[in-house]
Amino acid sequence: IEVGHTLIGLPSSGCHSNGYSLVRKVLLKDAKLDVNEFYPMFNKTLGEELLTPTKIYVKAIKHLLNNNVDIKGMCHITGGGFFENIPRMLKEGQGVTIDIKSFPRPKIFDFIMEKGNIDEKEMYNVFNMGLGFIIAVEDKDVDLVISKLSEINEKAYVVGKVSDTGDVNLKW
């Protein structure tokens, strides 16, 4: 991975398997919400929303690799959110800038943030916030990645760039 490479994000299906200690505290213990209650914003019960299966990215990545896409780096956005996971694919001294407005954020994250009065930056430190997987590619390969993922009905978003800052910077 080199400075200037583009970051492409693949959307998550929700919380995935991470942050449930915080979810339990905020939604069930503190707010005393009922997991069986139907929420129109989710079009399902709170329990069904929280138990949405974790999206798996093997098919998408295999499709890219089978089509000779030169992926420079990959990372799941799991427990530890953006700040712990993205640096794992970078070289020493590299960082990233992520435009948080470049991808949709599932409603469950705003719901958790509001009910728990949680700082937005902290949410990005705990949850995937709508991006379950990020790949780094050279700029020349961005259109190819988007096109190849579209072939298998996989959405993808150009979400940022690799920098030389040594930090994960969120562009609000």
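Look up: the structure comes first, before these words.
Residues numbered from 1 in each chain as written. Predicted model: local features only at pLDDT ≥ 70, side-chain atom pairs only at ≥ 80, totals over all residues. Heavy atoms only, no water.

A few points about the environment of Ile 61
(1) Moving on: Topologically, Ile 61 is positioned in helix α3 (residues 58-66).
(2) Moving on: Judged by its relative accessible area of 9%, Ile 61 falls in the buried class.
(3) Moving on: A sequence separation of 72 residues divides Ile 61 from Phe 133, and the C-alpha atoms of the two residues are 9.9 Å apart.
(4) Moving on: Not counting the four nearest positions on each side in its chain, Ile 61 is found in contact with Ile 71, Met 74, Phe 133 and Ile 135. (Helix = DSSP H or I, 4+ residues; strand = E, 2+ residues; numbered from the N terminus. Buried < 20%, exposed > 50% of the residue type's maximum accessible area, 1.4 Å probe, protein only. Contact = heavy atoms within 4.5 Å.)

Observations concerning the nonpolar core
(1) Moving on: Formed by 40 residues in total, the largest nonpolar core has its most connected members in Phe 82, Ile 86 and Ile 98.
(2) Moving on: Every element with two or more residues in this core is listed here: α1 (20-30), α2 (46-50), β5 (95-99), α5 (107-116), α6 (120-126), β6 (131-137), β7 (157-163) and β8 (168-171).
(3) Moving on: When residues of this core are assigned to their parent elements, the largest contribution, five residues, is made by α5.
(4) Moving on: Setting aside residues no more than four positions away along its own chain, Ile 86 makes contact with Cys 75, Ile 77, Val 96, Ile 98, Ile 134 and Val 168. (Core = buried A, V, L, I, M, F, W, Y, C linked by side-chain atoms within 4.5 Å.)

A look at the packing of aromatic side chains
(1) Moving on: Throughout the structure, instances matching the rule amount to eight aromatic pairs.
(2) Moving on: Ring plane angle 75° and centroid distance 5.3 Å describe the contact between Tyr 39 and Phe 111, whose orientation is recorded as edge-to-face. You can see Tyr 39 sitting in strand β2 (residues 38-39) and its partner Phe 111 sitting in helix α5, a full 72 residues away along the chain. Note on accessibility: Tyr 39 and Phe 111 belong to one class, buried.
(3) Moving on: Relative to Phe 111, the ring of Phe 42 has its centre 5.3 Å away and its plane inclined at 80°; by these criteria the two rings are edge-to-face. Highlighted residues: Phe 42 in the loop between β2 and β3 (44-45) and Phe 111 in helix α5, separated in sequence by 69 residues.
(4) Moving on: What links up through ring pairs into an aromatic cluster is the set Phe 82, Phe 103, Tyr 124 and Trp 172. (Phe/Tyr/Trp six-rings, centres within 6.5 Å; stacked < 30°, edge-to-face > 60°.)

Overview of the pattern of salt bridges
(1) Moving on: Applying the stated criterion across every chain yields a total of eleven salt bridges.
(2) Moving on: With a closest N to O distance of 2.6 Å, Asp 30 and Lys 25 form a salt bridge.
(3) Moving on: Since its relative accessible area comes to 44%, Asp 30 is described here as partly exposed.
(4) Moving on: Lys 161 is the partner of Asp 139 in a salt bridge, and the nearest nitrogen-oxygen pair spans 2.7 Å. Of this pair, Asp 139 sits in the loop between β6 and α7 (142-151) while Lys 161 sits in strand β7, and the two are 22 residues apart along the sequence.
(5) Moving on: Judged by its relative accessible area of 45%, Asp 139 falls in the partly exposed class. (Salt bridge = Lys/Arg side-chain N within 4 Å of Asp/Glu carboxyl O.)

That is the geometry; function is a separate question.
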